[in-house]
Amino acid sequence: MVHELKKNIESSKVFFGIKQSLKNSKTLEKAIVAADCRDEIINLLEDNKIDVEFMEFSKEELSNKLGLEFKCEVFGLKK
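Residues numbered from 1 in each chain as written. Predicted model: local features only at pLDDT ≥ 70, side-chain atom pairs only at ≥ 80, totals over all residues. Heavy atoms only, no water.

Trainee: Can you explain the state of the cysteines? Please cite residues and give values.
Mentor: For the structure shown, the criterion picks out 0 disulfides. Cysteine cysteine 37 remains unbridged, with the sulfur of cysteine 72 as its closest cysteine sulfur at 9.2 Å. (Disulfide = S-S within 2.5 Å.)

Trainee: Explain the packing of aromatic side chains to me, and be specific about the residues and the numbers.
Mentor: One pair of aromatic rings is described through two measures. These are the centre distance and the angle between the planes. Inspection of the entire model under this criterion finds 2 aromatic pairs. Relative to phenylalanine 70, the ring of phenylalanine 16 has its centre 5.4 Å away and its plane inclined at 85 degrees; by these criteria the two rings are edge-to-face. Of the two residues, phenylalanine 16 sits in strand E1 (residues 14–16) while phenylalanine 70 sits in the loop between helix H4 (59–66) and strand E4 (74–78), which places them 54 residues apart along the sequence. Residue phenylalanine 16 is classed as partly exposed on the basis of its relative accessible area, which comes to 31%. Connected via pairs of aromatic rings, a cluster forms that spans Phe16, Phe70 and Phe75. Its end group placed over the ring of phenylalanine 15, lysine 78 keeps NZ or CZ at 4.8 Å from the ring centre. (Phe/Tyr/Trp six-rings, centres within 6.5 Å; stacked < 30°, edge-to-face > 60°. Helix = DSSP H or I, 4+ residues; strand = E, 2+ residues; numbered from the N terminus. Buried < 20%, exposed > 50% of the residue type's maximum accessible area, 1.4 Å probe, protein only. Lys NZ or Arg CZ within 6 Å of the ring centre and 35° of its normal.)

Trainee: Explain the sheet that holds E4 to me, using residue names and the numbers behind them.
Mentor: Strand pairing in a sheet relies on backbone hydrogen bonds, with the paired strands running either antiparallel or parallel. Spatial ordering of the open sheet is given by E1-E4-E2-E3, a layout of 4 strands whose pairing is mixed. Lying at the two open borders of the sheet, with one neighbouring strand each, are E1 and strand E3 (52–54). Within this sheet the neighbouring strands show an average axis-to-axis angle of 25 degrees, counted without direction. (Pairing = 2+ DSSP bridges. Axes fitted to C-alpha atoms, helices over the stretch in contact; angles between N-to-C directions.)

Trainee: Tell me about the confidence of the model for the chain, residues and numbers included.
Mentor: Taken as a whole, the chain shows an average pLDDT of 95; of its residues, 100% reach a score of 70 or greater. Ranking the elements of the chain by mean pLDDT puts helix H1 (residues 2–10) last with 93 and E1 first with 97. (pLDDT = per-residue confidence, 0-100.)

Trainee: Explain helix H3 (residues 39–47) residue by residue, including any values.
Mentor: Taken together, the buried positions of H3 are occupied by Ile41, Ile42 and Leu45. All buried residues of H3 fall inside an arc of 100 degrees around its axis, so they share one side. Across from the buried face of H3, at angles greater than 90 degrees, the exposed residues are Asp39 and Asp47. Packed against the buried residues of H3 are helix H2 (18–23), strand E2 (28–33), E3 and E4. One or two positions beyond H3, positive phi appears at lysine 49, with a value near 60 degrees. (Arc of directions from axis to C-beta. Contact = heavy atoms within 4.5 Å.)

Next up, the structure:
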């Protein structure tokens with residue numbers, strides 16, 4: 001799953017964060033969330049009828065594995 005996410009980031013097919021994901025919810029295929037994602041964020045995604053897929057890694061682990069300079073708990077994948 002990390003490999004798929006990294007490939008989508010390189011292809012510019014990812015929205016970072018809950019605000020961008022909700023703002024662009026009509027163009028999302030699904031949202032991938034970190035293992036330590038807050039419950040209220042998950043509820044926001046589900047309330048907006050966005051498919052949620054859970055990662056087994058924390059925000060910090062994902063940041064390291066993906067080579068990001070910031071922590072992110074929601075990755076919105078474009079269709």
